[in-house]
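# Descriptive structure summary
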Amino acid sequence: MNMIKREEYEYTPKEDFILAHFLTVANVKRSADFYLHIFGGKLIRSGKPTIIQIANSWIVLNVGGGHTDDKPSITLHTPQNPNEFSSFLNIRVADIWSSYNEWQRRGAKFITEPKDHGLETRCYMHDPDGCIIEVGQTTGGLKDIKTG
């Protein structure tokens, strides 16, 4: 993996904040290869932690570990049960069938093909550590929601 020049993809916000999702992984390189290959991410930082920009978001990959002074009672680990999760990545796409077919060609393992749920069509895949990733396309039902 080549390091991307810091000027091209900035991880430090100049104002307000950015949102990144931290994933505890067993093997940083294996997981980085997955996110770079499947989603065409850009490598911001390699090593531990590894930071990858995917579209307009960032994923931070690092191995688990024990307590630290800023999280004194928390231990990070990869998913312990492949059928129980409390969070997952949620990716919104313009064309779900195109994304599904392309990412499947790149090696993504989907749980099912995309399913129509009225307001959205969605499906899920697993990453190398078993984390689930939702891929969905909004089908127009959200246009009536008022904001502000």
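Small disclaimer: the values here were computed from a predicted structure and weren't measured. (Residues numbered from 1 in each chain as written. Predicted model: local features only at pLDDT ≥ 70, side-chain atom pairs only at ≥ 80, totals over all residues. Heavy atoms only, no water.)

### As for the confidence of the model for the protein
- On average, residues of the protein score 87 in pLDDT, and 87% of them are at 70 or above.
- Counted against residues more than four places away or in other chains, residues 1-8, with its pLDDT under 50, gives 15 contacts. (pLDDT = per-residue confidence, 0-100. Contact = heavy atoms within 4.5 Å.)

### So, unusual backbone geometry
- Of note, the amide linkage connecting K48 to P49 takes the cis form, showing an omega dihedral of 5°.
- Mapped onto the elements, P49 comes out in the loop between strand 2 (42-45) and strand 3 (50-54).
- Positive phi, normally seen in glycine, also occurs at A55, with a value near 55°. (Helix = DSSP H or I, 4+ residues; strand = E, 2+ residues; numbered from the N terminus.)

### Brief notes about helix 1 (residues 28-39)
- The end-to-end C-alpha separation of helix 1 is 16 Å, in line with the 16 Å expected for 12 residues at 1.5 Å each.
- At the N-terminal end of helix 1, a side-chain oxygen is found 3.2 Å from the backbone nitrogen of K29, two or three residues along, and the residue is N27.
- Two residues or fewer after helix 1 comes G40, characterised by a positive phi angle close to 65°. (Expected span 1.5 Å × (residues − 1). Polar contact = N/O pair within 3.5 Å; in protein donor to acceptor, adjacent residues only side chain to side chain.)

### Some details on the side chain of T24
- Tracing the sequence through the fold places T24 in strand 1 (residues 20-25).
- For T24, a relative accessible area of 11% puts it in the buried group.
- Beyond its immediate sequence surroundings of up to four residues, T24 is in contact with N62, V63, G64, L76, H77 and T78. (Buried < 20%, exposed > 50% of the residue type's maximum accessible area, 1.4 Å probe, protein only.)

### Observations regarding the sheet that holds strand 1
- A sheet is described by the order of its strands in space; here 4 strands give the open sequence 1-4-3-2, paired in mixed fashion. Across the chains shown, the open sheet's two edge strands, defined by having one partner strand only, are strand 1 and strand 2. Between one strand axis and the next, the sheet turns by 30° as a mean value, whatever way the strands run. (Pairing = 2+ DSSP bridges. Axes fitted to C-alpha atoms, helices over the stretch in contact; angles between N-to-C directions.)

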